[in-house]
Structure formats: structure tokens, C-alpha cells
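# Coordinates in review
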Amino acid sequence: ANEGSTLSWEATAWVGGDINRFWFRSEGERTNGVTEDAEIEALYGRAISPWWDVVAGVRQDFKPESPQTWAALGVQGIALYGFEAEATAFVGEGGQTAARFEGEYDILLTNRLILQPTAELNFYGKDDPARGVGAGLANTEVGLRLRYEIVREFAPYIGVTWSRAYGNTADMARDEGEDADEARFVAGIRIWF
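Fair warning: this is a prediction, and the values are worked out from it, not measured in the lab.

## Digging into the packing of aromatic side chains
Counted under the stated rule, the structure contains five aromatic pairs. Look at Trp14 and Trp23: their rings are 6.3 Å apart centre to centre, the planes differ by 45 degrees, and that puts the pair in the tilted class. Note on Trp14: relative accessible area 40%, which makes it partly exposed. You can call Trp23 buried: its relative accessible area is 9%. With 6.2 Å between their ring centres and 70 degrees between their planes, Trp70 and Phe90 make a pair best called edge-to-face. Of this pair, Trp70 sits in strand β5 (residues 68-78) while Phe90 sits in strand β6 (residues 84-92), placing them 20 residues apart in sequence. Residue Trp70 shares its accessibility class with Phe90, and that shared class is buried. Through pairs of rings, three or more aromatic residues link up here, namely Trp70, Phe90 and Tyr124. Positioned over the ring face of Phe90 is Arg59, at 4.5 Å from the centre of the ring.

The structure is reproduced here in C-alpha cells:
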């Protein structure tokens, strides 16, 4: 990244059966040894069709600034042609509202070599200067990863991501001396068990 090396994580886990599950999600980012963003979600999910779940629970933001707790409600699943999608709405302390939309799709180049475009959009209901987010579309991130599945459960990847802040979020970033958009080269490992 422009400001130095960055470590990102995104993890999803579930426990339960085909109809009722408890979902755990976490994502975050550390730049030059400093945690920039960190959150964890604990959700109850119920299948509403073979490929879709409704989820509800809580999200805890640890960074940026002081911790904030959110109530969460959303849907997640697999749309036509294997497109994975998540849409989650959040209501936080102090009447703050947010929404997040995520999607990814696997394009099989061979049985082991897979190209994966990804996208994430974040919206907020009102300005929150303490956390550096503005009302409306706050930021987006799109990416493209190429992974090689040594086995299905273990796949190293390389790729590129591009993130951009919009509106008041971009203005707040510029006021802090940060860029409103940034491209990054990524390399990592995708594992599941």
C-alpha cells in the first residue's frame, strides 16, 4: 500500500446444521504494525431456501477510534451461476445506520486455477467524524485475485485491489493527509476446513 506494508484478514465460520447456524465473521487491517480497522460479527442464520440464509446478530467495531456496537440484519447466499452475495444492514449506538454489500464470483480457468473478482460497498446514514465516515456511499473496494488450489482447502493467491472513498468520507481522509483512493498488490492464502 502507499503508506507501507499492510496485513488484511477476512474470516467466516459457522456452526450448526442445514437450517439453523451460528455465523462468525471478522475482518480488519493493520498497516505498519498499527491496527487501522477491526471488527467481528456474531450472527444467527436461518435458511430460507437451499442457497440463502437470513442472518441477525451483533457487530463489534474495535477500530478506528473507540469501540462501537451495532445490531445487524441481512441476507447471504449464492445467486445464479455461483455468485456469492451478502447484504447486511446495521443500526449502531447513537442512531448511526450503515449497510454493506459484498459479492464475489469464481471463474474457473482450469480445475485448480481460479480468477475471482470481488466487490464491497459501504453506506452510512449520517456523518461520523470520529470514525472518519460520511453519510451516503462512504467507500468501495473492488479486487481481482488469481488463486491456485493445491487442494480445495489450501490455495495461495495474488491479485490487486482498488479502494476509493466518496463524499464526506473522502474529504475527511484528505483532511487527515490520506488519499481518497488507493491501489494495492495483494498476496495471500485462502484456507478452509
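## A few points about a negative patch on the surface
Negative charge collects at one region of the surface, where Glu36, Asp37, Glu65, Asp175, Glu176, Glu178 and Asp179 lie side by side. You can see Glu65 is positioned in the loop between β4 (52-63) and β5. Judged by its relative accessible area of 52%, Glu65 is exposed.

Criteria and cut-off values
Residues numbered from 1 in each chain as written. Predicted model: local features only at pLDDT ≥ 70, side-chain atom pairs only at ≥ 80, totals over all residues. Heavy atoms only, no water. Phe/Tyr/Trp six-rings, centres within 6.5 Å; stacked < 30°, edge-to-face > 60°. Buried < 20%, exposed > 50% of the residue type's maximum accessible area, 1.4 Å probe, protein only. Helix = DSSP H or I, 4+ residues; strand = E, 2+ residues; numbered from the N terminus. Lys NZ or Arg CZ within 6 Å of the ring centre and 35° of its normal. Patch = residues over 30% accessible without salt bridge, like charges linked within 9 Å, V, L, I, M, F, W, Y side chains within 5 Å. Areas by Shrake-Rupley, 256 points an atom, 1.4 Å probe, with all protein chains shown as cover. Salt bridge = Lys/Arg side-chain N within 4 Å of Asp/Glu carboxyl O. Lys, Arg positive; Asp, Glu negative; His and termini not counted. Charge placed at Lys NZ, Arg CZ, Asp CG, Glu CD.

Coordinates in, geometry out; function isn't part of it.
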